[in-house]
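Descriptive analysis of the structure
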Amino acid sequence: VHGLASPIGAFFPMPHGAVCGSLLPDACRINIAAMKQREPTAHGLIKYAHVGRIIADDTTLDDASACQALLHTLSQWQTEFAIPLLSDYGVQKADIPRIIADISQGSIATNPIVLQADELHELLAARI
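Scoring rules and cut-offs
Residues numbered from 1 in each chain as written. Predicted model: local features only at pLDDT ≥ 70, side-chain atom pairs only at ≥ 80, totals over all residues. Heavy atoms only, no water. Helix = DSSP H or I, 4+ residues; strand = E, 2+ residues; numbered from the N terminus. Rg over C-alpha atoms; globule rule 2.2 N^0.38 Å. Buried < 20%, exposed > 50% of the residue type's maximum accessible area, 1.4 Å probe, protein only. Contact = heavy atoms within 4.5 Å. Areas by Shrake-Rupley, 256 points an atom, 1.4 Å probe, with all protein chains shown as cover. Core = buried A, V, L, I, M, F, W, Y, C linked by side-chain atoms within 4.5 Å. Salt bridge = Lys/Arg side-chain N within 4 Å of Asp/Glu carboxyl O. Expected span 1.5 Å × (residues − 1). Polar contact = N/O pair within 3.5 Å; in protein donor to acceptor, adjacent residues only side chain to side chain. Axes fitted to C-alpha atoms, helices over the stretch in contact; angles between N-to-C directions. Parallel < 35°, antiparallel > 145°, perpendicular 65-115°, else oblique. Left-handed = near helix turned anticlockwise from the far one by under 90°. Nonpolar A, V, L, I, M, F, W, Y, C, P; charged D, E, K, R; others polar.

Now for the overall build of the protein. A tally of regular secondary structure across the protein gives six helices and zero strands. Going residue by residue from the N terminus, the α and β elements of the protein occur as α-α-α-α-α-α. For 128 residues, the compact-globule estimate of 2.2 N^0.38 gives 14 Å, and the C-alpha radius of gyration of the protein, at 15 Å, lies within 12% of that figure. Seen through its C-alpha atoms, the protein measures out along the principal axes to roughly 45 × 30 × 20 Å. For the protein, with 128 residues in total, the buried portion stands at 40%. A separation threshold of at least 6 residues defines the contact pool for the protein, and within that pool the share at least 24 residues apart is 68%. Per element, the accessible surface of the protein, about 6900 Å² overall, is 56% carbon and sulfur.

The following block contains the structure:
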């Protein structure tokens, strides 16, 4: 989310924290799906599951259920805290290619998996 917050903040008057909060649940969902599909033994999946168990306060959850618990909780928080959409700050679907083109590779280097352009597009479109 930080790698996307930089170009969004440069092009639109959206605060960094609002961008991160807006994108976090969908970024986690897309990261988990991408790792399951392309890197099913990725350490990132174990980390997501670990956090899901902590948030759910249930150490008995299998990895898939723990990841689902994490995603569910993040989505609930997004709703409860009324995290704004990107479109609330003027971002439109037509802006997505420009945002993706301006991503700093250093800012997304620590993402648990390299997301493909269509996955980045899906992530941004989900919050417009």
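Let us now look at the nonpolar core. Core analysis: the largest hydrophobic core is formed by 37 residues, its most contacted members being Leu4, Ile8, Leu23, Tyr48, Leu86, Ile99 and Leu124. Contributing elements (two or more residues each) for this core: α1 (2–11), α2 (16–38), α3 (43–56), α4 (63–80), α5 (96–101) and α6 (117–125). Per-element accounting of this core gives the leading share, ten residues, to α2. Once residues within four sequence positions are removed from consideration, Ile99 is found in contact with Leu4, Pro7, Ile8, Phe11, Phe12, Val91 and Leu124.

Take the pattern of salt bridges next. Applying the stated criterion to the full structure yields five salt bridges. A salt bridge links Arg29 to Glu122; the nearest nitrogen and oxygen atoms lie 2.9 Å apart. Linking Arg29 in helix α2 with Glu122 in helix α6, this pair joins segments that are 93 residues apart in sequence. In this structure, Asp95 engages Arg98 in a salt bridge whose closest nitrogen and oxygen atoms are separated by 3.5 Å. On the basis of relative accessible area, Asp95 is assigned to the buried category, the value being 15%.

Okay, α4 next. With 18 residues, α4 should cover 26 Å at 1.5 Å per step; its first-to-last C-alpha distance of 26 Å lies within 8% of that length. Of the residues making up α4, those classed as buried are Ala66, Cys67, Ala69, Leu70, Leu71, Thr73, Leu74 and Gln78. For α4, the elements touching its buried residues are α2 and α3. The distance from a side-chain oxygen at the start of α4 to the backbone nitrogen of Ala64 is 3.1 Å, and the residue carrying that oxygen is Asp62. Of the residues trailing α4, Ala82 is marked for its positive phi of about 50°.

Right, let's get into the packing of α2 against α6. The geometry of a pair of packed helices is captured by two quantities: the angle between their axes and the separation between those axes. Here α2 crosses α6 at 155°, and the two axes come no closer than 9 Å. In terms of their interaxial angle, α2 and α6 are classed as roughly antiparallel. Here the hand of the crossing between α2 and α6 comes out right-handed. Between α2 and α6, the residues in contact are Leu23, Asp26, Ala27, Arg29, Ile30, Ala34 and Arg38 and Glu119, Glu122, Leu123 and Leu124, respectively. Among the residues making up the contact of α2 with α6, the classes are represented as six nonpolar, no polar and five charged.

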